[in-house]
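Each chain, letter by letter, is given below.
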Amino acid sequence: MAWQGLAAEFLQVPAVTRTYTAACVLTTAAVQLELLSPFQLYFNPHLVFRKFQVWRLVTNFLFFGPLGFSFFFNMLFVFRYCRMLEEGSFRGRTADFVFMFLFGGILMTLLGLLGSLFFLGQALTVMLVYVWSRRNPRVRVNFFGLLTFQAPFLPWALMGFSLLLGNSILVDLLGIAVGHIYYFLEDVFPNQPGGKRLLLTPSFLMAPACPFASLLARR
């Protein structure tokens, strides 16, 4: 009964958040069970473009490391802020939300080439947090009961936390940079004199044959 209740609750989660979170958890479980190796998942341009292992363009966004504090920390932020975006500013706009993922993923992949980054899931998480924080600037955030501040400071707090843990902040900076580019092109530039909306969701995401169209129809 408890599992049925949990499953029913999970099915109430918006489609994109549910799909991405489930994919991350299942990928990590497969690695823990040694069904997959991280070496099969990381982004490697040579293997992608010379060996045609194109799945790496996706799987590098799904693996957050082995089960442990870092994994659960990232999953908490992925689930929370992805869901708040999807239920908030992207409510009824599933295709636009999917396009934000695609835009962010492609830009991160291109920029990640410069920094030799192999896993970009954390950068995508920071991007989600950044976009949410800029769209909710007056919301006050409690950071694990230690600090309380306005939402726009949250991505920087996450970067500081990564620094305290001894991790590279390059991934966090990448997520902030891509999040800011998306926010500027989507929310700022169209409202400037002479500005216009440049990020238009491709029609193929709205087409009836597209799997995301069925997600949109259910919203």
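A brief report on the enclosed structure follows. Since this is a predicted model, take the numbers as computed values, not measurements.

**Regarding the state of the cysteines**
Alright, step 1. Counted by the stated rule, this structure contains zero disulfides.
Alright, step 2. Not part of a disulfide, Cys-24 finds its nearest cysteine sulfur in Cys-82, a span of 9.2 Å.
Alright, step 3. With a relative accessible area of 0%, Cys-24 lands in the buried category.

**Observations concerning the pattern of salt bridges**
Once the charged atoms of two side chains with opposite charge are near each other, the side chains can pair.
Alright, step 1. Enumeration over the complete set of coordinates arrives at five salt bridges.
Alright, step 2. When the shortest N-O distance is used, the salt bridge between Asp-187 and Arg-135 registers 2.7 Å. Remark: Arg-135 occurs in helix H7 (residues 121–135) and Asp-187 occurs in helix H9 (residues 170–188); sequence separation between them is 52 residues.
Alright, step 3. It is possible to trace a salt-bridge network through shared partners that takes in Arg-93, Asp-96, Glu-186 and Arg-197.

**Here we look at the pairing of strand S1 (residues 140–143)**
Alright, step 1. Of the two faces of S1, the one lined by Val-141 and Phe-143 is fully buried and the one lined by Arg-140 and Asn-142 carries no buried residue.
Alright, step 2. Inspection of the sheet shows S1 paired to strand S2 (residues 147–150) by four bridges, in the antiparallel sense. Each bridged residue has a counterpart across the sheet, and for Arg-140 the counterpart in S2 is Gln-150.

**A word on the layout of surface pockets**
Alright, step 1. Quantified by volume, the second largest pocket comes out at close to 510 Å³.
Alright, step 2. Around the second largest pocket, the lining comprises 24 residues; the ones closest to its centre are Ser-70, Asn-74, Gln-122, Asn-167 and Val-171.
Alright, step 3. Mapped by element, the contributors of at least two residues to the lining of the second largest pocket are helix H5 (69–87), H7, helix H8 (154–164) and H9.
Alright, step 4. It is H5 that contributes the most residues to the lining of the second largest pocket, five residues altogether.
Alright, step 5. Tallied by class, residues from the lining of the second largest pocket come to 13 nonpolar, 10 polar and one charged.

**Regarding the environment of Glu-186**
Alright, step 1. Here Glu-186 shows up in helix H9.
Alright, step 2. According to the relative accessible area criterion, Glu-186 is buried, its value standing at 10%.
Alright, step 3. Taking the C-alpha atoms as reference points, Glu-186 and Leu-200, 14 residues apart in sequence, are found 9.1 Å from one another.
Alright, step 4. Not counting residues up to four positions away in its chain, the partners in contact with Glu-186 are Arg-93, Arg-135, Arg-197 and Leu-199.
Alright, step 5. In terms of polar contacts, Glu-186 uses its side chain to reach the side chain of Arg-197, at 2.9 Å.

**Re helix H6 (residues 94–115)**
Along an α-helix, residues three or four positions apart point the same way, because every turn accommodates 3.6 residues.
Alright, step 1. End to end, H6 covers 31 Å across 22 residues, agreeing with the expected 32 Å (1.5 Å per residue, within 8%).
Alright, step 2. Taken from the residues just after H6, Ser-116 is the one with a positive phi, measuring 50 degrees.

**Digging into the nonpolar core**
Alright, step 1. In this structure, Tyr-20, Phe-97, Met-100, Met-108 and Leu-154 are the most contacted members of the largest nonpolar core, which totals 47 residues.
Alright, step 2. Elements supplying a minimum of two residues to this core: helix H2 (15–32), H5, H6, H7, S1, H8 and H9.
Alright, step 3. Residues in contact with Met-100, not counting those within four places in the same chain, are Leu-85, Phe-90, Met-127, Leu-128, Val-131 and Tyr-182.

**Some remarks on the environment of Val-131**
Alright, step 1. The topology assignment puts Val-131 in helix H7.
Alright, step 2. By relative accessible area, which is 0% here, Val-131 ends up buried.
Alright, step 3. In sequence terms Val-131 and Gly-179 are 48 residues apart; their C-alpha atoms lie 5.8 Å from each other.
Alright, step 4. Setting aside residues up to four positions removed in sequence, Val-131 forms contacts with Leu-85, Met-100, Gly-179 and Tyr-182.

Reading guide: rules and limits
Residues numbered from 1 in each chain as written. Predicted model: local features only at pLDDT ≥ 70, side-chain atom pairs only at ≥ 80, totals over all residues. Heavy atoms only, no water. Disulfide = S-S within 2.5 Å. Buried < 20%, exposed > 50% of the residue type's maximum accessible area, 1.4 Å probe, protein only. Salt bridge = Lys/Arg side-chain N within 4 Å of Asp/Glu carboxyl O. Helix = DSSP H or I, 4+ residues; strand = E, 2+ residues; numbered from the N terminus. Pairing = 2+ DSSP bridges. 1 Å grid on protein atoms, 1.4 Å probe; cavity = no way out; pocket = protein on both sides within 12 Å on 5 of 7 lines; lining within 4 Å. Points joined across faces, edges and corners; volume = space filled by probe spheres on them. Nonpolar A, V, L, I, M, F, W, Y, C, P; charged D, E, K, R; others polar. Contact = heavy atoms within 4.5 Å. Polar contact = N/O pair within 3.5 Å; in protein donor to acceptor, adjacent residues only side chain to side chain. Expected span 1.5 Å × (residues − 1). Core = buried A, V, L, I, M, F, W, Y, C linked by side-chain atoms within 4.5 Å.

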